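For reference, the chains in residue letters:
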Amino acid sequence: MWNGLPQPDQGLPPPLSAVPVPWKSVGPCKGHRESPGALVETSAGEEAQGEEGPAAAQLDVSRLRSSSMEIREKGSEFLKEELHKAQKELKLKDEECERLSKVREQLEQELEELTASLFEEAHKMVREANVKQAASEKQLKEARGKIDMLQAEVTALKTLVITSTPASPNRELHPQLLSPTKAGPRKGHSRHKSTSSTLCPALCPAAGHPLTADREGKEVDTTLFAEFQAWRESPTLDKTCPFLERVYREDVGPCLDFTMRELSALVRAAVEDNTLTIEPVASQTPPTVKVAEVECGSANTCALSGLARVCRHRIRLGDSESHYYISPSSRARITAVCNFFTYIRYIQQGLVRQDAELMFWEVTRLRKEMSLAKLGFFPQEA
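Just so you know, these numbers come straight off a predicted model, no measurement behind them.

Calculation notes
Residues numbered from 1 in each chain as written. Predicted model: local features only at pLDDT ≥ 70, side-chain atom pairs only at ≥ 80, totals over all residues. Heavy atoms only, no water. Salt bridge = Lys/Arg side-chain N within 4 Å of Asp/Glu carboxyl O. Helix = DSSP H or I, 4+ residues; strand = E, 2+ residues; numbered from the N terminus. Buried < 20%, exposed > 50% of the residue type's maximum accessible area, 1.4 Å probe, protein only. Pairing = 2+ DSSP bridges. Axes fitted to C-alpha atoms, helices over the stretch in contact; angles between N-to-C directions. Parallel < 35°, antiparallel > 145°, perpendicular 65-115°, else oblique. Contact = heavy atoms within 4.5 Å. Nonpolar A, V, L, I, M, F, W, Y, C, P; charged D, E, K, R; others polar. Expected span 1.5 Å × (residues − 1). Polar contact = N/O pair within 3.5 Å; in protein donor to acceptor, adjacent residues only side chain to side chain.

A description of the pattern of salt bridges should follow, citing residues and the corresponding values.
Applying the stated criterion across every chain, the model contains 15 salt bridges. Of the charged contacts, one joins Glu227 and Arg246 as a salt bridge, the two residues approaching to 2.9 Å between their closest N and O atoms. Here Glu227 is found in helix H3 (residues 222-233), whereas its partner Arg246 is found in helix H4 (residues 242-255), with 19 residues between them in sequence. The exposure class assigned to Glu227 is buried, which follows from its relative accessible area of 18%. Between Glu250 and Arg249 there is a salt bridge whose closest N-O contact spans 3.7 Å. With relative accessibility at 45%, the residue Arg249 sits in the partly exposed group. Each of the salt bridges in this network shares a partner with another, and the network as a whole consists of Glu227, Glu245, Arg246, Arg249, Glu250, Asp251 and Arg367.

This is the structure:
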């Protein structure tokens with residue numbers, strides 16, 4: 001190489017003038033001979049070409065540099081945009097993480113509150129269960145005590161039924177059966193239910209003495225006894241059964257058939273429902289006591305028969321405040337029917353523990369009392 005030429009830029013082709021061109025003589029072509037003027041023009045063109053070569057190379061270098069600068073600027077802008085996008089996405093991620101962390105904290109707080117409320121509710125339920133258990137145990141003890149008391153009362157009632165029957169009432173257990181002088185002074189009106197009322201044994205009109213079973217001959221009627229036994233197998237107060245249907249037809253109906261039919265029907269219904277009350281009439285009413293009852297009729301007229309009689313008792317039907325004065329004969333008829341219903345109720349409730357024949361004779365005696373009362377026989381009051 002020729003050392004006297006300047007070094008070309010790295011990466012660029014060397015200019016044409018820097019490359020040594022060997023001169024070679026060219027002979028004249030056949031049929032053509034260059035003129036001296038043509039040779040002069042050729043050498044002038046080559047000289048002009050040798051001068052334009054470095055300028056073109058410098059232009060190419062400037063173009064390359066400008067294009068590389070544009071590429072760098074575009075790349076820088078692209079990277080800035082990508083960086084901005086990445087920063088924006090990172091900011092969104094941070095916000096999302098912060099929101100999720102807040103949600104987690106809120107959930108943890110709610111979970112703690114829920115756990116605390118559940119524990120509190122569980123403790124409350126346990127306390128309530130303990131209180132209810134204590135109350136239930138207390139009620140159980142009270143119920144057992146009441147059961148024991150009721151059993152004792154049932155035992156006492158059975159003893160009472162055995163020792164005090166309509167045939168032989170215990171006057172110590174039934175103070176209403178005592179005479180007014182023995183029963184002591186009364187304050188106002190004393191009351192007792194029809195189920196506690198008993199009728200003393202009927203007196204014989206001829207001799208004036210009670211009719212006892214020892215002085216009478218007895219024979220069981222097989223038809224009546226069969227009807228009673230069939231009723232005793234399944235005791236009921238239904239009037240359609242043969243036993244009660246006969247008693248109603250032969251004894252209860254006639255005994256409660258008074259002159260005042262409307263009042264008689266009310267009395268019969270009250271006796272069947274066990275809501276009839278018989279009260280003795282007090283001689284005087286204390287002035288400090290206000291009587292709110294409605295008295296129907298007078299003490300000298302029987303409300304059932306309509307006859308002028310001295311009425312020492314009066315009746316009340318159910319919860320009504322109306323009272324009706326009755327004569328001793330009407331009272332005896334009502335009491336006889338009440339005694340019969342009281343005894344069959346005892347049988348129905350299982351309180352009578354006797355042989356079937358003894359029970360039948362007691363029922364027969366009560367039917368006899370109803371027949372005598374219907375015929376006008378009643379005990380004289382002291």
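Having seen the structure, we can now continue with the description.
How would you summarise the pairing of strand S5 (residues 322-326) if you had to cite specific residues and measurements?
Of all five residues in S5, five are buried; the element is thus mostly enclosed. Of the two faces of S5, the one carrying Ser322, Tyr324 and Ile326 and the one carrying His323 and Tyr325 are both buried. Bridge count between strand S4 (residues 313-317) and S5: four bridges; the pairing is antiparallel. From the neighbouring strand, His313 faces S5, where its bridge partner is Ile326.

How would you explain the pairing of strand S2 (residues 276-280) if you had to name every residue and give the values?
Taken across its five residues, S2 has five buried, putting it largely inside the fold. Neither face of S2 is open: one carries Leu276, Ile278 and Pro280, the other Thr277 and Glu279, and all of them are buried.

So what's going on with the packing of H3 against H4? Residues and values would help.
Running from N to C, H3 and H4 point in directions that differ by 125 degrees, and their axes come no closer than 8 Å. Here H3 is positioned oblique relative to H4, judged by the angle of their axes. Residue-level contacts link Thr223, Leu224, Glu227, Phe228 and Trp231 of H3 to Pro242, Phe243, Leu244 and Arg246 of H4. Residues that form the contact of H3 with H4 fall into these classes: six nonpolar, one polar and two charged.

Any chance you could break down helix H6 (residues 328-348) for me, citing the residues and the numbers?
Here H6 spans 30 Å end to end across 21 residues, near enough to the 30 Å set by a 1.5 Å rise per residue. Counted residue by residue, H6 has 16 buried out of 21 residues, so it is predominantly covered. Downstream of H6 by one or two residues, Gly350 has phi in the positive range, about 75 degrees.

Let's hear about helix H7 (residues 356-375): which residues, and what values?
In this model, H7 (20 residues) spans 29 Å end to end at C-alpha, consistent with the 28 Å of a helix rising 1.5 Å per residue. When H7 is considered as a whole, its buried residues turn out to be Ala356, Met359, Phe360, Trp361, Glu362, Val363, Leu366, Arg367, Glu369, Met370, Leu372 and Ala373. Each element contacted by the buried residues of H7 is listed here: H3, H4 and H6. Capping the start of H7 is the job of one residue whose side-chain oxygen sits 3.1 Å from the backbone nitrogen of Glu357: Asp355. Following H7 by one or two positions, Gly376 has its phi on the positive side, about 105 degrees.

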